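Structural description and commentary
Each chain, letter by letter, is given below.
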Amino acid sequence: MTDGFKFESFHKGNCCFAYKFFGCHKVNESEFAFRVWAPHAMSVSLIGSFNDWDENNAVMTRLSDGESFSVTVKAALGDTYRYCITTYDGRKLYKADPYAFGSDYPLSFASKIVELPQPRKSVCEITQNGPVNIYEVNLCSWKRHKDKSYYTYAELERTLVPYVKKMGYTHVEFMPVTEFPYDGSWGYQVTGYFAVTSRLGTPSQFRSLVDAFHSQGIKVILDWVPAHFPKDDWGLYEFDGQPLYECGLWDRMEHAGWGTRKFDFGRGEIDSFLLSSATLFLDVYGVDGLRVDAVASMLYLDYDKAYNDWTPNIYGDNRNLEAIEFIKKFNTLIKRYFPYAVIVAEESTAFDGVTKKVEEGGLGFDYKWNLGWMNDVLFYCRQDPYYRNWHHNKLTFSMMYAFSENYILPLSHDEVVHVKGSIVNKMPGSYEDKFAGERLLLGFMFAHPGKKLNFMGYEIAQFKEWDYTDGLEFFLKKFDKHRKMTEFVKALNFFYLENPPLYDIEDSWKGFDWLVVDDKFNNLLAFNRYSESGEQITAVLNFSGVDLFTYGIGIEKGEYRVVFNTDLKKFGGEGKLKMRVFKTVNQSSQGKKNSIFIDIPKLTCIYLKKYK
């Protein structure tokens, strides 16, 4: 029985709903059908808690494609199971179901019979010219109980959802929730591509969490990991006795640096597997988008490899042609079924056309993480202000390519671990200067073209690096500087939402104009951002360690009001700037006929708005 399933589409790599056939599916109140793809198996048996793990009790029948197996047995929700695969060389392998909707982790590595929620479409749409301000969260460590146990999906629904809403974010991004056995992988070594992690609750509870965010107008993005998988012997690793989900070629099989296996991109059944995993979360759980992890590792044959440890493609270069075609197919098919979905690439190289449409020769992503901006700006901010003049180009270089792709500016989880320091602790200087430095960095980030992403914990100025085994240090808000940092982040988030010049035009110089670009000796930048309607915000940023007095900025004639100031006392600053309105004078500067003269406190970002 194949229930109308089209094996041809699955084997050719065009099936986006393979999870509706493979895996475990309810037939009636007491029976479930199990189906698995294992082309190299001599035989397959279903073993589980419903048959005392007896491999002779439920021998599976080979289906019409000659590569898949099926059996229907009496079982119940909550039962656990595995496949016993007999290889042609006589070995018996005990494998979890690649298409399982639930797992028995942490009790065992078996799969679990669970019921999926009914599909529900998102009502969200892509708005390239709208505000995108993402709060990146690790659900296992945003908060923990006193005994270090996890907050469940239900508890996160009651606590995380109102917090994200109150703080003014537009999106939340979850680090991977697809089942993973090792907490230290942060979810990036996935063993269950169709199962939300059972650590935090059930599929229905996870869907309820997504629905709760939607009820508050917040869109949900999931981290999704199609580049590689771990080598647990009960998982996808050499599933039927030899390479199957991984590529069998010696130079394409391993991610040696990560200790994982690479998917065999271009093999139809693997393409269908990955396409279906993505589809399930968009279709069943109603999420609004996916952030595709480690795209660079997919694009290049020589990624993280020595000079003589890889084989060029048929054109003699280092592009992984099969992976590139998979990515194009993935973005094309996902958009066909889910046109509203936001698909983001974590891509760290200068690969051309990542966010260009597939029909125009691009890869078809909606956004790309701007990791170049992140690396340059954080390098600059780590420097003592006395030495920053030697690195001024780190602040300005990003504008050389800012409109080449649709970018998200990420200050992600990767930047606050492994002795890199938390955001506030990256900043040099005194205790007060560290807080001022973080406020200045965020002021620059929100004025710079590109959508925004920040990892949890920055909003409370946590000095401790992110620890996946513990929750954030929310107790810090008992202290003045930390409480005021939270108020600052909240105010900045809402200011961003309410001011279209900061997000309206992100793809051309029409939305940006340098006023002061090359004053490296004063560590100062000034520029305008514009909306489609012509509204204007002027950003003035003093990255030096000294106050600047009566600093002249060439600007269009008029009167300018201070509308946001990172040095306000309510944000933890010193409140040095007393004037609120600045009128231009007829004195040329930086190529403009008129100028304003303004006092700019050290380590401060000021936004001005022209109102006359």
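Everything below is about the structure printed above this text.
Let me begin by describing the structure that accompanies this report. Remember, it's a predicted structure, so these values are computed and weren't measured experimentally. (Residues numbered from 1 in each chain as written. Predicted model: local features only at pLDDT ≥ 70, side-chain atom pairs only at ≥ 80, totals over all residues. Heavy atoms only, no water.)

**Structural notes on the pattern of salt bridges**
The test is simple: Salt bridge, as used here, is a side-chain nitrogen of Lys or Arg placed within 4 Å of a carboxyl oxygen of Asp or Glu. Labels follow the DSSP assignment, with helices taken as runs of H or I lasting at least four residues and strands as runs of E lasting at least two, numbered in each case from the N terminus. Exposure classes here rest on a 1.4 Å probe applied to the protein chains alone. A residue is buried below 20% of its type maximum, exposed above 50%, and partly exposed in between.
As enumerated under the stated definition, the model contains 36 salt bridges in all. For Glu 55, the salt bridge is made with Lys 92, and the minimal N-O distance between the two is 3.1 Å. Pair noted here: Glu 55 is in the loop between β3 (41-48) and β4 (61-62) and Lys 92 is in strand β7 (residues 92-95), with a separation of 37 residues, a long-range link. For Lys 92, a relative accessible area of 42% gives the class partly exposed. We note a salt bridge from Lys 464 to Asp 467, for which the minimum N-O separation is 3.8 Å. According to the relative accessible area criterion, Lys 464 is partly exposed, its value standing at 34%. Looking at Asp 467, the relative accessible area reads 25%, which means it is partly exposed.

**Some points on the packing of helix α7 (residues 371-382) against helix α10 (residues 431-447)**
Worth spelling out the cut-off: A fitted line through C-alpha atoms serves as each axis, taken over the contacting stretch for helices, and the angle formed by two N-to-C directions is quoted from 0 to 180°. To sort the angles, those under 35 degrees are grouped as roughly parallel, those over 145 as roughly antiparallel, those from 65 to 115 as roughly perpendicular, and the leftovers as oblique. With the far helix as reference, a near helix turned anticlockwise by less than a right angle produces a left-handed crossing, and one turned clockwise produces a right-handed crossing. Any pair of residues with heavy atoms lying within 4.5 Å of one another is described as a contacting pair.
Two elements in contact, α7 and α10, have axes whose closest approach is 11 Å; the angle formed by their N-to-C orientations is 150°. Taken together, α7 and α10 sit at an angle that is classed as roughly antiparallel. Considering how the two elements wind past one another, α7 and α10 form a crossing that is right-handed. Contact residues: Trp 373, Val 377, Leu 378 and Cys 381 in α7; Leu 441, Phe 444 and Met 445 in α10.

**Re the sheet that holds strand β15 (residues 254-255)**
Rule in force here: Pairs of strands are assigned from DSSP output, requiring at least two bridges between the strands.
Across the sheet, three strands lie side by side as β14-β16-β15; this open sheet has antiparallel pairing. At either margin of the open sheet sits one strand with a lone partner, and together these are β14 (228-230) and β15. For β14 and strand β16 (residues 260-262), the ladder comprises three bridges, and the chain directions are antiparallel. Paired with Pro 230 across the strands is Thr 260, a residue of β16.

**Remarks on α7**
Going by this rule: Expected helix span is given by 1.5 Å per residue-to-residue step, counting one fewer step than there are residues.
Its twelve residues give α7 an end-to-end C-alpha distance of 16 Å, which sits within 8% of 16 Å, the value for a rise of 1.5 Å per residue. All of the buried residues along α7 are Leu 371, Trp 373, Met 374, Asp 376, Val 377, Leu 378, Tyr 380 and Cys 381.

These figures capture arrangement, not role.
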